Amino acid sequence: MLSTLSGDKSAWPVYMSVGNLAKEKRRAVKSNGLILLGILPKIPKNPARETTRRTFHEAIRQMLRPFESSGREGVDIVCADGYTRKIFSRIATWIADYPEMVTLTLVKSMWCPRCKCIPDNLSALTGTPSTPRDPVRYAQMSVEELEAVGQWRFDFDNFAVHHAHCNIYHAINPDRLHQLLKGVLKDHTWKWVCAYLTQEHGPHVMERIDQRFAEIPPFSDLKNFGHKFSQISQWTGAEYKHMLKV
Ligand SMILES: [Zn+2]
């Protein structure tokens, strides 16, 4: 997540949480359910791909280094009930948007970071799940074999290989804002619907769509977009959700 700091600077803060917290607790601002682990520098535009990837993986490796040994050998932790227990840490999940997932998993852009489906032929997937990515197998594959599954090989390791039982491809999850609301709803479904309606009803159909959005009767927690629906330029998560409800 890119954050803007004072003095026109921006950076990527990396936050961490533990898996056994209730969602409501974790998300509450004052619960300290998320801690700031570190801040990644913003990498200048258009440097070599390998340089950006290497910087990212080396920085994350530094931040997570204590967990490499706690994952393998365990570490004594004083729990809330006062007892000390030996715990083995695991990287369970990683929340990121698609470009960050690409950097995290070192897959090629446009490829799926979880499985080996072919980017320009997703329809080939009807019914059968595509093979999940497997870092253990990838470590033994040649550059040509990796090429065929959209995976880069660089001369540095993915930070995740240093963590016990961590399959980084399984740790990533869909991101609701970018992938469902923006991706599936706005960039795919909405474009498809507009193209279809324009073809059926001619070029002025957008005015009719604006009209329909404006005619939505008032209802609790439902936004009325007025006559300007098609002219919204700044889309936020809230707007996507209101559009979906309408
Ligand atoms: Zn996939």
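Being a predicted model, the structure only gives us computed values, none of them experimental.

### A word on the overall build of the protein chain
Right, so step 1: Along the backbone of the protein chain there are 10 helices and 5 strands.
Right, so step 2: The dimensions of the protein chain, computed from C-alpha atoms along their principal axes, are 65 × 50 × 45 Å.
Right, so step 3: Put simply, the protein chain has 246 residues, and 10% of those count as buried.

### Examining the packing of helix H8 (residues 176-201) against helix H10 (residues 237-245)
Right, so step 1: In the contact formed by H8 and H10, the axes pass within 10 Å of each other and the chain directions differ by 45°. Taken together, the axes of H8 and H10 are oblique relative to one another. Pair H8 / H10 crosses with left-handed handedness. Listed contacts from H10 to Leu177, Leu181, Lys182, Leu185 and Lys186 of H8 are Gly237, Tyr240, Lys241 and Leu244.
Right, so step 2: Classifying every residue of the contact of H8 with H10 by side-chain character gives 5 nonpolar, 1 polar and 3 charged.

### Some points on the environment of glutamate 207
Right, so step 1: Mapped onto the fold, glutamate 207 is located in helix H9 (residues 205-214).
Right, so step 2: The exposure class assigned to glutamate 207 is exposed, which follows from the 11 C-beta atoms found within 10 Å.
Right, so step 3: Separated by 12 residues in the primary sequence, glutamate 207 and alanine 195 place their C-alpha atoms 14 Å from one another.

### Considering the nonpolar core
Right, so step 1: Within the largest apolar cluster, 10 residues are counted, these being Ile60, Leu64, Met101, Leu104, Phe159, Ala160, Cys166, Ile168, Tyr169 and Ala171.
Right, so step 2: Mapped by element, the contributors of at least two residues to this core are helix H4 (98-105) and helix H7 (168-171).
Right, so step 3: The element contributing the most residues to this core is H7, with 3 residues.
Right, so step 4: Residue contacts for methionine 101: discarding those within four places in its chain leaves Ala96, Pro113 and Ile172.

### A short note on the pairing of strand E5 (residues 84-87)
Right, so step 1: Strand direction decides the pairing type here: strand E4 (residues 75-78) and E5, joined by 4 bridges, are antiparallel. Across the sheet, aspartate 76 pairs through a bridge with lysine 86, a residue of E5.
Right, so step 2: Linking two consecutive strands that pair antiparallel, namely E4 and E5, is a turn of 5 residues; a positive phi of about 90° is found at glycine 82 within it.

### What to know about the environment of isoleucine 77
Right, so step 1: Inspection of the secondary structure assignment puts isoleucine 77 in strand E4.
Right, so step 2: With 22 residues separating them in the primary sequence, isoleucine 77 and threonine 55 have C-alpha atoms 31 Å apart.
Right, so step 3: Sequence-distant contacts of isoleucine 77, that is, excluding residues within four places in its chain, are made with Thr84, Arg85 and Ile87.

### Brief notes about H4
Right, so step 1: Where H4 is concerned, the buried positions are Met101, Thr103, Leu104 and Thr105.
Right, so step 2: The secondary structure elements touched by the buried residues of H4 are helix H2 (49-63) and H7.
Right, so step 3: Of the residues one or two after H4, leucine 106 is the one with positive phi, at around 60°.

### Examining the domain arrangement of the protein chain
Right, so step 1: Considered domain by domain, the protein chain is made up of domain 1 (1-42), domain 2 (47-172) and domain 3 (178-245).
Right, so step 2: Distance from the C-alpha centre of domain 2 to the C-alpha centre of domain 3: 36 Å.

### Focus on the environment of tryptophan 235
Right, so step 1: Mapped onto the elements, tryptophan 235 comes out in the loop between H9 and H10.
Right, so step 2: Residues tryptophan 235 and lysine 182, 53 residues apart in the sequence, show an inter-C-alpha distance of 8.8 Å.
Right, so step 3: Contact partners of tryptophan 235, with chain neighbours within four places excluded, come to Lys186 and Tyr240.

### Things to note about unusual backbone geometry
Right, so step 1: Despite not being glycine, histidine 165 has its phi angle at roughly 55°, a positive value.
Right, so step 2: For histidine 165, the position within the fold is in the loop between helix H6 (143-148) and H7.
Right, so step 3: The phi dihedral of aspartate 221 is positive, around 65°, even though this residue is not glycine.
Right, so step 4: Its location among the elements puts aspartate 221 in the loop between H9 and H10.
Right, so step 5: Given 7 C-beta atoms within a 10 Å radius, aspartate 221 is considered exposed.

Calculation criteria
- Residues numbered from 1 in each chain as written.
- Predicted model: local features only at pLDDT ≥ 70, side-chain atom pairs only at ≥ 80, totals over all residues.
- Helix = DSSP H or I, 4+ residues; strand = E, 2+ residues; numbered from the N terminus.
- Buried ≥ 20, exposed ≤ 12 C-beta atoms within 10 Å, placed from the backbone.
- Axes fitted to C-alpha atoms, helices over the stretch in contact; angles between N-to-C directions.
- Parallel < 35°, antiparallel > 145°, perpendicular 65-115°, else oblique.
- Left-handed = near helix turned anticlockwise from the far one by under 90°.
- Contact = placed C-beta atoms within 7 Å.
- Nonpolar A, V, L, I, M, F, W, Y, C, P; charged D, E, K, R; others polar.
- Core = buried A, V, L, I, M, F, W, Y, C linked by C-beta atoms within 7 Å.
- Pairing = 2+ DSSP bridges.
- Domains from an automatic or database assignment.

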